[in-house]
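Listed below, chain by chain, are the residues.
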Amino acid sequence: MLTVISWLIVGLLAGALARLLMPGDQGSGWIGAICLGIVGAIVGGFLWGLIGGKGVEQVLNDPWSLGSFLIAVVGAILFSFVWRALTRKR
């Protein structure tokens, strides 16, 4: 249970930081920031695993490490770019 609460907090922080670093209007509130941070952590952990890191398992097991937080922020930024590209109005 504590891990879930930890990921909600880390997800909020990572998503908020990713939103600050991303230009433009994202258009959703703090729940969107939490989702962005958590999905970003999974995406970042997956990509980190592909290039030789410990991957998603490390990120999900230790949300409070600096490495996990940075991976979550980078993943959230990447996911945000992809999401924006998929959902932009044509």
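Residues numbered from 1 in each chain as written. Predicted model: local features only at pLDDT ≥ 70, side-chain atom pairs only at ≥ 80, totals over all residues. Heavy atoms only, no water.

Next up on the list: the overall build of the protein chain. Tallying secondary structure elements over the protein chain gives 4 helices and 0 strands in all. Burial status across the protein chain gives 32% buried among its 90 residues. Counted over contacts in the protein chain with a minimum sequence separation of 6, partners at least 24 positions apart contribute 61%. (Helix = DSSP H or I, 4+ residues; strand = E, 2+ residues; numbered from the N terminus. Buried < 20%, exposed > 50% of the residue type's maximum accessible area, 1.4 Å probe, protein only. Contact = heavy atoms within 4.5 Å.)

What follows deals with the nonpolar core. Grouped together as the largest cluster of nonpolar side chains are 11 residues: Trp-7, Val-10, Ala-14, Ala-18, Met-22, Leu-36, Ala-41, Ala-72, Val-73, Ala-76 and Ile-77. Only helix 1 (2-21), helix 2 (30-50) and helix 4 (66-87) provide two or more residues apiece to this core. Sequence-distant contacts of Ala-76, defined by excluding residues within four places in its chain, comprise Ala-18, Leu-36, Gly-37 and Gly-40. (Core = buried A, V, L, I, M, F, W, Y, C linked by side-chain atoms within 4.5 Å.)

On to the confidence of the model for the protein chain. With 79% of its residues at a pLDDT of at least 70, the protein chain reaches an overall mean of 76. Mean pLDDT across the elements of the protein chain ranges from a minimum in helix 3 (residues 56-61), with 65, to a maximum in helix 4, with 81. (pLDDT = per-residue confidence, 0-100.)

The next thing to look at is the packing of helix 2 against helix 4. Packing of helix 2 against helix 4 brings their axes to within 6 Å, and their N-to-C directions diverge by 100 degrees. Comparing their axes, helix 4 and helix 2 come out roughly perpendicular. Side by side, helix 2 and helix 4 meet where Leu-36, Gly-37, Val-39, Gly-40, Ala-41, Val-43, Gly-44, Gly-45, Leu-47 and Trp-48 of the first sit next to Ile-71, Ala-72, Gly-75, Ala-76, Leu-78, Phe-79 and Ser-80 of the second. Looking at the contact of helix 2 with helix 4, its residues break down into 11 nonpolar, 6 polar and no charged. (Axes fitted to C-alpha atoms, helices over the stretch in contact; angles between N-to-C directions. Parallel < 35°, antiparallel > 145°, perpendicular 65-115°, else oblique. Nonpolar A, V, L, I, M, F, W, Y, C, P; charged D, E, K, R; others polar.)

Relative to the 30 Å expected for 21 residues at 1.5 Å per residue, helix 2 spans 30 Å between its end C-alpha atoms, a close match to the ideal helical length. When helix 2 is considered as a whole, its buried residues turn out to be Ala-33, Ile-34, Leu-36, Gly-37, Gly-40, Ala-41, Gly-44 and Gly-45. An end-on view of helix 2 places all buried positions within 160 degrees of arc, on one side of the element. Across helix 2 from its buried face, at more than 90 degrees, point the exposed residues Ile-31 and Leu-50. Downstream of helix 2 by one or two residues, Gly-52 has phi in the positive range, about 115 degrees. (Expected span 1.5 Å × (residues − 1). Arc of directions from axis to C-beta.)

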